[in-house]
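Now for the letters of each chain:
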Amino acid sequence: MEERIFIVGLSQIWGVIPQERRSLAGAEMDKDFGHIDNAYVEISMPGGTVASMGTMDTLDRSRLEGATVLSGHGRMLIPAFADSHTHLVYAGSREGEFEDKIRGLSYEEIAARGGGILNSADRLHRTTDNELFMGAMGRLAEIASKGTAAVEIKSGYGLNLADELRMLRVIARLKESSPLEIKATFLGAHAVGREYAGRQQEYVDMLIADMLPAVAAEGLAEYVDVFCDRGFFTVEQTDAILEAASRYGFRPKIHANELDISGGVQVGVAHGALSVDHLERIGQDEIDVLRRSSTVATMLPGASFFLGLPFAPARIAVNSGLTVALASDYNPGSSPSGDMRMVWALGCIKMKLNPVEALAACTVNGAAAMELSDTVGSIAPGRPASFILTRPVPSLAFIPYAYTSPWIERMFIRGREMELHP
Ligand code: NIG
Ligand code: FE
């Protein structure tokens, strides 16, 4: 049965962006991430779309009769988060490596000893599909309760044909079972699988000859990713993988410049990457290459925070006119948290984005980095009602400022209310 829900008296609605804008670049991230003061929104169910919205003085109050009416008094409505880079399908956890890091080992040293990604791959080989699925469903419920409505999920802990396919099939099941919108990325080139130890080029050749066609044949991924960085995959190998991937219609979203000035940005942009991600180590060259492209610059402050790496230069990137997205990188090794509330706050505290810019990076630009601009990341009539109703807050800036105070009162995905976990 048709039902209408009104939220009335909102102090502000944020993320009001003209329909034709798919992403915001540079100064637009502040200027064009619009808001309406003293506002209402109308949700129509069961479709779960925004039926109307505007200032309170434009609301015909007779329409509230027979509708569900929620108070927005002192509260804000902001777009749900669009988390465009995660590895949230994984087996077990890696707190042993966390303790190694506390004792002084670096991420690269742990990886070189056979820990890191290979440790997760070993665990995944011993885990059933159902266990993987259930673990990921739990994480999806957790991030939904923290405000995320759309998420990209990568493979990359299988590292052999059978297990990469297994991971991607789990992601396909998640798409069907979870209220979140999900995009799948094939990341066979995350590390060299153990069976190919010392034979990296053979692994890359096998990935191109066997893995890519199998992933394409089953339609298991939208994107392809390569960890193009020191100690992982070279620019030449990345180029070969992306070249082969383009023949199957996979657009790249790649890991670049986390550990070194790797050439990853340039090779990604040359292949028309939807996004290049990490970017802790970029200079003027990379900024110039990105400025001349339509590639989203995705930064992952949770990984910098957790690993003690430098933060990617988001302030410089925005000042240079780039389209910057922020994402969680949720994974068991370098960012064991998918909490986009924290990512928003780190964007402000550590990367010196203002609260509006950082929110634009977590919403509209994250959506663009998943080609989901029509369904998440902004609030507009006709679009899905995927947004967060805040508790009473004095201002938008208060939220990333009081960065551990609970501020989510209700969370909706396509008009459906999500359960809030404590
Ligand atoms: O994005 N940098 C490469 N991959 C992940 C880490 C994965 C892991 O350690 O399990 C990342 O940080
Ligand atoms: Fe990652």
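Residues numbered from 1 in each chain as written. Chains lettered and ligands numbered in written order. Predicted model: local features only at pLDDT ≥ 70, side-chain atom pairs only at ≥ 80, totals over all residues. Heavy atoms only, no water.

*Asks:* Looking at this structure, I do not really get the domain arrangement of the protein chain. What am I missing?
*Replies:* In many analyses, interface size is given as the accessible surface area lost on bringing the parts together. Splitting the protein chain by domain gives domain 1 (3–79 + 378–418) and domain 2 (82–368). Computed from C-alpha atoms alone, the centre-to-centre distance between domain 1 and domain 2 is 30 Å. Buried area between domain 1 and domain 2, both sides added, is near 2,400 Å², and the carbon and sulfur share of it is 75%. Linking Arg-414 and Glu-181 is a salt bridge whose minimum nitrogen-to-oxygen distance equals 3.3 Å. Across the contact surface, domain 1 and domain 2 share four residue pairs in polar contact (both at pLDDT 80 or more). Secondary-structure elements contributing two or more residues to the side of domain 1 that touches domain 2 are helix H1 (28–31), strand S5 (76–79), helix H16 (398–401) and strand S15 (408–413). Ranked by residues supplied to the side of domain 1 that touches domain 2, first place goes to S15 with three residues. Here the residues of the side of domain 1 that touches domain 2 are counted per class, giving 20 nonpolar, three polar and four charged. (Domains from an automatic or database assignment. Buried area = accessible area lost by both parts, 1.4 Å probe. Salt bridge = Lys/Arg side-chain N within 4 Å of Asp/Glu carboxyl O. Polar contact = N/O pair within 3.5 Å; in protein donor to acceptor, adjacent residues only side chain to side chain. Helix = DSSP H or I, 4+ residues; strand = E, 2+ residues; numbered from the N terminus. Nonpolar A, V, L, I, M, F, W, Y, C, P; charged D, E, K, R; others polar.)

*Asks:* Where do I start with empty space enclosed by the protein in this structure?
*Replies:* Over the atoms, a rolling probe the size of a water molecule traces out where space has been left empty. Tallying each qualifying case throughout the model produces one cavity of 30 Å³ or more. Approximately 90 Å³ is the volume attributed to the largest cavity. Around the largest cavity, the lining comprises 14 residues; the ones closest to its centre are His-87, Tyr-107, His-190, Asn-331 and Ser-334. Of the residues that constitute the lining of the largest cavity, the class distribution is four nonpolar, seven polar and three charged. (1 Å grid on protein atoms, 1.4 Å probe; cavity = no way out; pocket = protein on both sides within 12 Å on 5 of 7 lines; lining within 4 Å. Points joined across faces, edges and corners; volume = space filled by probe spheres on them.)

*Asks:* In this structure, what is going on with helix H5 (residues 129–145)? I would like to understand it.
*Replies:* An α-helical turn contains 3.6 residues, so any two residues separated by three or four positions project in the same direction. Taking 1.5 Å per residue, 17 residues should reach 24 Å; H5 reaches 24 Å between its end C-alpha atoms and fits that length. Buried positions along H5 lie against helix H4 (117–125), strand S7 (148–154), helix H6 (161–177), strand S8 (181–189) and S15. One or two positions beyond H5, positive phi appears at Gly-147, with a value near 110°. (Expected span 1.5 Å × (residues − 1). Contact = heavy atoms within 4.5 Å.)

*Asks:* Is there a simple way to explain the pattern of salt bridges in this structure?
*Replies:* A side chain of one charge can pair with a side chain of the opposite charge if their charged atoms are brought near each other. By the definition in use, this model includes 26 salt bridges. Of the charged contacts, one joins Glu-222 and Lys-175 as a salt bridge, the two residues approaching to 2.8 Å between their closest N and O atoms. Placement of Glu-222 in the loop between helix H7 (200–217) and strand S9 (223–228) and of Lys-175 in helix H6 is noted, with a sequence separation of 47 residues between them. Assessed through its relative accessible area of 27%, Glu-222 is described here as partly exposed. (Buried < 20%, exposed > 50% of the residue type's maximum accessible area, 1.4 Å probe, protein only.)

*Asks:* Help me out: how do you make sense of the coordination of the iron ion (ligand 2) in this one?
*Replies:* The protein atoms donating to the iron ion (ligand 2) are His-85 (NE2), His-87 (NE2), His-255 (NE2) and Asp-329 (OD), with metal-donor distances spanning 2.1 to 2.3 Å. Linear spacing of the donor residues for the iron ion (ligand 2) on their chain is H-x1-H-x167-H-x73-D. Note that His-255 is positioned in strand S10 (residues 251–256) and Asp-329 in the loop between strand S13 (324–326) and helix H13 (340–349), a separation of 74 residues in sequence. Assessed through its relative accessible area of 2%, His-255 is described here as buried. Taking the relative accessible area as the measure of exposure, Asp-329 reaches 1% and is therefore buried. (Donors = N, O, S within 2.8 Å, 3.2 Å for Na, K, Ca; no water.)

*Asks:* What's the story with the site of ligand 1 in this structure? I'm lost.
*Replies:* In the vicinity of ligand 1 there are 15 residues, among which Tyr-107, Tyr-157, His-190, Glu-258 and Ser-334 approach most closely. Separating an oxygen atom of ligand 1 from a side-chain N or O atom of Tyr-107 is a distance of 2.6 Å. Between ligand 1 and His-278, the relevant distance is 2.9 Å, taken from an oxygen atom to a side-chain nitrogen or oxygen of the residue. When ligand 1 is considered free in solution it has 330 Å² of accessible area, and contact with the protein chains removes 100% of it. By residue class, the composition of the shell around ligand 1 is four nonpolar, eight polar and three charged. (Near = heavy atom within 4 Å. Areas by Shrake-Rupley, 256 points an atom, 1.4 Å probe, with all protein chains shown as cover.)

*Asks:* Quick question: what am I supposed to make of the packing of H6 against H7 here?
*Replies:* A pair of packed helices is captured by two measures, namely the crossing angle of their axes and the spacing between those axes. Packing of H6 against H7 leaves a shortest axis separation of 10 Å and a crossing angle of 25°. Comparing their axes, H7 and H6 come out roughly parallel. As for the relative orientation of H6 and H7, their crossing is right-handed in sense. Contact residues: H6 offers Leu-161, Glu-164, Leu-165 and Leu-168, while H7 offers Asp-210, Met-211, Ala-214 and Val-215. Looking at the contact of H6 with H7, its residues break down into six nonpolar, no polar and two charged. (Axes fitted to C-alpha atoms, helices over the stretch in contact; angles between N-to-C directions. Parallel < 35°, antiparallel > 145°, perpendicular 65-115°, else oblique. Left-handed = near helix turned anticlockwise from the far one by under 90°.)

*Asks:* Is there a simple way to think about the pairing of S10 in this case?
*Replies:* Residues in a regular strand project their side chains so that they alternate between the two faces of the sheet. The element S10 is largely enclosed, with a buried count of five among its six residues. With four bridges joining them, S9 and S10 adopt parallel strand pairing. When the sheet's bridge partners are listed, Val-224 is paired in S10 with Pro-252. With respect to chirality, the unit in which S9 leads through helix H8 (residues 235–247) into the neighbouring parallel S10 is right-handed. Bridge count between S10 and strand S11 (residues 275–278): four bridges; the pairing is parallel. Bridge pairing in S11 links Lys-253 to Ser-275. A crossover connection joins S10 to the parallel S11 through helix H9 (residues 264–270); in handedness this β-α-β unit is right-handed. (Pairing = 2+ DSSP bridges. Right-handed = clockwise from strand over helix to strand, strands pointing away.)

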